[in-house]
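Commentary on secondary and tertiary structure
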Amino acid sequence: KTNLIVNYLPQNMTQEELKSLFGSIGEIESCKLVRDKITGQSLGYGFVNYIDPKDAEKAINTLNGLRLQTKTIKVSYARPSSASIRDANLYVSGLPKTMTQKELEQLFSQYGRIITSRILVDQVTGVSRGVGFIRFDKRIEAEEAIKGLNGQKPPGATEPITVKFANNPSQKTNQAILSQLYHSPNRRYPAPLAQQAQRFRFSPMTIDGMTSLAGINIPGHAGTGWCIFVYNLAPDADESILWQMFGPFGAVTNVKVIRDFNTNKCKGFGFVTMTNYDEAAMAIASLNGYRLGDRVLQVSFKTNKTHK
């Protein structure tokens, strides 16, 4: 009972700041802010391990619910990772735009203990995008919630909601399943080019760019997924914003913001790789022309001619 997990930390908070905040309660054995392995961005949570269980309890009583910048942090006992608690994160879409985070939690709380929840909102207008995430304490609770609520109409809704497991970009298991999918014989796209073009719903206009001597080269298709080109990002844009924008549409395997070598600022564009063609097409249809801050994004399948 000495190890705590701290959720909803401000994006720019450092490990040192986390340590000094929790060190004010009692002596700390270790403290770790969790960062994205590739980008080094804070993932907004961390672990603090006290020497004395009494200090851990005191930290929960003192610091849980503390407001830091625009966030309200959540402090609770960390649990050892086990199969029963892994993959308990749900993706919910089709929510009424008026539904609040609290109402979302009330709807799902009948199925088990909710660890975190959020509703995605439009950055500019602050209006709900009708999409949310719910993380349960245990996977079995998440399964029950899918059974009970997927395809149902919540109070005040005109349309049924969709409830499914959220794809977590960091899960090795997902990656393994995806690579199996892509290398299984029935997914190798053995059809002739014209048929492939039809299958991927490309217009004949794009076929000229599709053949290459080394084999078939389909725009936007990177072997293990569909590469999407995102243009007109702000100089301070980072990978996390791309995960947040594209994640709700389906499995994202990779995101990359192209940075200026000298300043490390975003050069205005980036790439997102998505596993499933229909989900990628849906993301493009929804996000092309989307206003992010004071910019209007251009989103399209990457063609072989755009920035290498």
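Cut-offs used in this document
Residues numbered from 1 in each chain as written. Predicted model: local features only at pLDDT ≥ 70, side-chain atom pairs only at ≥ 80, totals over all residues. Heavy atoms only, no water. Pairing = 2+ DSSP bridges. Helix = DSSP H or I, 4+ residues; strand = E, 2+ residues; numbered from the N terminus. Axes fitted to C-alpha atoms, helices over the stretch in contact; angles between N-to-C directions. Contact = heavy atoms within 4.5 Å. Buried < 20%, exposed > 50% of the residue type's maximum accessible area, 1.4 Å probe, protein only. Core = buried A, V, L, I, M, F, W, Y, C linked by side-chain atoms within 4.5 Å.

Our focus in this paragraph is the sheet that holds strand S3 (residues 42-50). Strands pair in a sheet through their backbones, by hydrogen bonds, and they do so in one of two ways: parallel or antiparallel. Spatial ordering of the open sheet is given by S2-S3-S1-S6, a layout of four strands whose pairing is antiparallel. The open sheet terminates on both sides in strands that have one partner only, identified here as strand S2 (28-35) and strand S6 (74-77). Going from strand to strand, the sheet's axes swing by 20° on average, the running direction of each strand aside. This element, helix H1 (residues 15-23), spans strand S1 (3-7), S2, S3 and S6 of the sheet and lies at about 145° to S2. Packed onto the sheet, helix H2 (residues 53-63) meets S1, S3 and S6 and runs at close to 155° relative to S6.

Counting buried residues along helix H7 (residues 239-246), six of its eight residues qualify, which places the element largely inside the surrounding structure. Turning to H7, its buried residues number three or more, namely Glu239, Ser240, Ile241, Leu242, Met245 and Phe246. If you follow the buried residues of H7, they end up packed against strand S13 (226-231), strand S14 (252-259), strand S15 (266-274), helix H8 (277-287), strand S16 (291-292) and strand S18 (298-301).

Ile228, Val230, Leu242, Phe246, Val272 and Met274 are the most contacted members of the largest nonpolar core, which has 26 residues in total. Those elements that provide at least two residues to this core are S13, H7, S14, S15, H8 and S18. Looking at which element gives the most residues to this core, the answer is H8, with five residues. Not counting residues up to four positions away in its chain, the partners in contact with valine 272 are Trp226, Cys227, Ile228, Val230, Leu242, Phe246, Val252, Asn254 and Val255. Within the second largest apolar cluster, 20 residues are counted, among which are Leu4, Met13, Ala56 and Ile73.

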